[in-house]
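# Understanding the architecture of this molecule
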Amino acid sequence: MDLAAYVEGVCASPDQHSLKRLLISTLKDAYDVKALSGYDFPFGGAASAGLRDPIISTFPEDVQIAYRADMAESDPIMMAAMTLGAPIHYSKIEHTLPFSAATTQVIKLIKKFSLVDGVMTPVFAKPGFYAYFSAVFDRVRDDISLADLRIIKIVFEEFYVRYRELTRAERGVLSTREREVLVAMVEEKSNAEIAATLGISEHTVDTYIRRCFTKLEVSSRAQAVLQFLGGGAYGMRVRDER
């Protein structure tokens, strides 16, 4: 496959819909992928914290429902990929995985739809933002090489980085005041100190902090500071309003 052309297409995708279409068609054409999915994790979360709704999934609806209900919280395939930090080839490690009774039933359902092999991989957009993707085939793919595993990972990773860029753009931009509050948090100021510095009430400070959490997709001051120092906040445009 032409990775350069794919990356150019990813960068040019104006919205999530066109980006998802590109991912699906690329993997189908290059590797005859029959179904794929991607799940991201909360900032700083662990695989054991469970999965959100999928970023993308072309699996049959019955499979999606069963996976969420009986497997997502303790998926041994996902744990193997996340622990390794690299793509895995399902048919090569299937015999080593500790499947529970519930997980075995989900796997049987997946195979019922002639989805029998796959490549699963973690991907990372930047520190603290990671996801788990899978590309599934309708036959055992002994022809998939180590290089193919890396290429599939790159395909998913480029998709995920652009997905996050588009998601962030859709959620809005930081206001001048929100950025001022973030700077104060980096300086380890309390809400009372931030209120005194900016000439606003502590209640208003709390409102701005919650807005920052939403836009940065974090759930604590420490995570917000890490995002800011790591470029998450600096990378967002500023809207001049308070």
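Moving on, we come to the environment of Tyr31. Mapped onto the elements, Tyr31 comes out in helix α2 (residues 16-31). For Tyr31, a relative accessible area of 8% translates into the label buried. The spatial distance from the C-alpha of Tyr31 to the C-alpha of Val136 is 9.7 Å, given a sequence separation of 105 residues.

Further remarks concern the pattern of salt bridges. Going through the model one piece at a time under the given rule, you end up with 13 salt bridges. Across the pair Arg141 and Asp143 runs a salt bridge, and its minimum N-O distance is 2.8 Å. Since its relative accessible area comes to 5%, Arg141 is described here as buried.

Another aspect to go through is the sheet that holds strand β1 (residues 35-40). Here five strands make up an open sheet; going across it, the order is β2-β1-β5-β4-β3 and the pairing antiparallel. This sheet does not close on itself; its edge strands, each paired only once, are β2 (56-57) and β3 (88-89). Across two bridges, the pairing between β3 and strand β4 (residues 117-126) is antiparallel. Bridge pairing in β4 links Ile88 to Met120.

Cut-offs and rules
As a convention, each chain's residues are numbered from 1 in the sequence order in which they are written. In view of the model being predicted, local features appear only for residues whose pLDDT reaches at least 70, and side-chain atom pairs are presented and counted only at 80 or more, with totals across whole chains, interfaces and linings using the full set of residues. Each side-chain value is worked out from all heavy atoms of the structure, with water and hydrogens disregarded. Only DSSP runs of H or I reaching four residues or more are called helices, and only runs of E reaching two or more are called strands; each is numbered from the N terminus. For the exposure calls, accessible area comes from a 1.4 Å probe over protein chains only, and a residue counts as buried if that area is under 20% of its type's maximum, exposed if over 50%, partly exposed in between. For salt bridges, the criterion is a side-chain nitrogen of Lys or Arg within 4 Å of an Asp or Glu carboxyl oxygen. Two strands make a pair as long as DSSP finds a minimum of two bridges between them.

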